[in-house]
Amino acid sequence: MLLAEQRRLLCDYGRRAAALGLVVGTAGNLSVRSGDLVAVTPSGVSLERLEPESCPVVDVDGRLVEGDLQPSSETPMHLAVYTATGASAVVHTHSTFGTVVATTMAELPPVHYTALLLGGTVRVAEYATYGTPELAAAVRAALKDRRAALLANHGGVTIGHDLDSAFEATRLLEWLCEVYVRAKGVGEPRVLTEEQLAAVVQRALHPPVFPRRED
């Protein structure tokens, strides 16, 4: 079986996405790239019920290489992301707070410094029908220099150097969206300035060194 390990990982992380409530029903899709081949979740199958052999493999041009089921309808978006970035994995979800932000805002501002792990402000890609070249192009533009993007009235997408890093980016994106939405219920969230974010970067580059105690 081609990309056996990658297909197994799709099942593992697909079940995690369902268990965490990041997807509902057959919504959401994941993929992993290895060379010129991409393992992707199938169309019309709940992520919590995936089996490795049910995950089709396509080439980077979108031609089915192996598998009995059709690839996810969002496969064109995944392939467009791989073409435009150096990513090796893509996670697309319909998480609650991410979709709330994607339905109401043009971007998610950096209200917490961990937004830097996603590239800073998270853009919301213009709305387009799912599975279309228009959506793929909008997402590709929104992901420029970023690890995450929101899709207007739709959901979110994250990328990573492997499926674990892409999935953790998805969890962080949802957490940041939830913080913002809940903060709006209390007052107007404070947005970190470029200077404040730059200070965080410098802190990360030059962490404190604690002297070792001499006993």
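Residues numbered from 1 in each chain as written. Predicted model: local features only at pLDDT ≥ 70, side-chain atom pairs only at ≥ 80, totals over all residues. Heavy atoms only, no water.

1. Some words on unusual backbone geometry
The residue leucine 3 is not glycine, and still its phi comes out positive at about 50°. Take leucine 3: it is sitting in the segment before helix H1 (4-19). (Helix = DSSP H or I, 4+ residues; strand = E, 2+ residues; numbered from the N terminus.)

2. A word on the pairing of strand S1 (residues 29-34)
Consecutive side chains along a regular strand alternate between the two faces of the sheet. Where S1 lies against strand S5 (residues 89-93), four bridges are found, and the strand directions are antiparallel. Residue pairing in the sheet places asparagine 29 in a bridge with histidine 92 of S5. Across four bridges, S1 lies against strand S2 (residues 37-40) in antiparallel orientation. Among the inter-strand pairings, serine 31 is bridged to a residue of S2, identified as valine 40. What sits between the antiparallel neighbours S1 and S2 is a turn of two residues, in which glycine 35 has the positive phi angle 65°. (Pairing = 2+ DSSP bridges.)

3. Details of the pattern of salt bridges
Scanning the entire structure with this criterion turns up 12 salt bridges. Residue glutamate 66 pairs with arginine 7 through a salt bridge whose shortest N-O separation is 2.6 Å. Taken together, the positions of glutamate 66 in strand S4 (residues 64-66) and arginine 7 in helix H1 put the pair 59 residues apart, joining distant regions of the chain. The class for arginine 7 is buried, based on a relative accessible area of 2%. Note that glutamate 168 is salt-bridged to arginine 171, the shortest N-O span being 3.3 Å. Here arginine 171 and glutamate 168 lie together in helix H5 (residues 163-184), a separation of three residues that amounts to about one turn. Classification of arginine 171 as partly exposed rests on a relative accessible area of 39%. (Salt bridge = Lys/Arg side-chain N within 4 Å of Asp/Glu carboxyl O. Buried < 20%, exposed > 50% of the residue type's maximum accessible area, 1.4 Å probe, protein only.)

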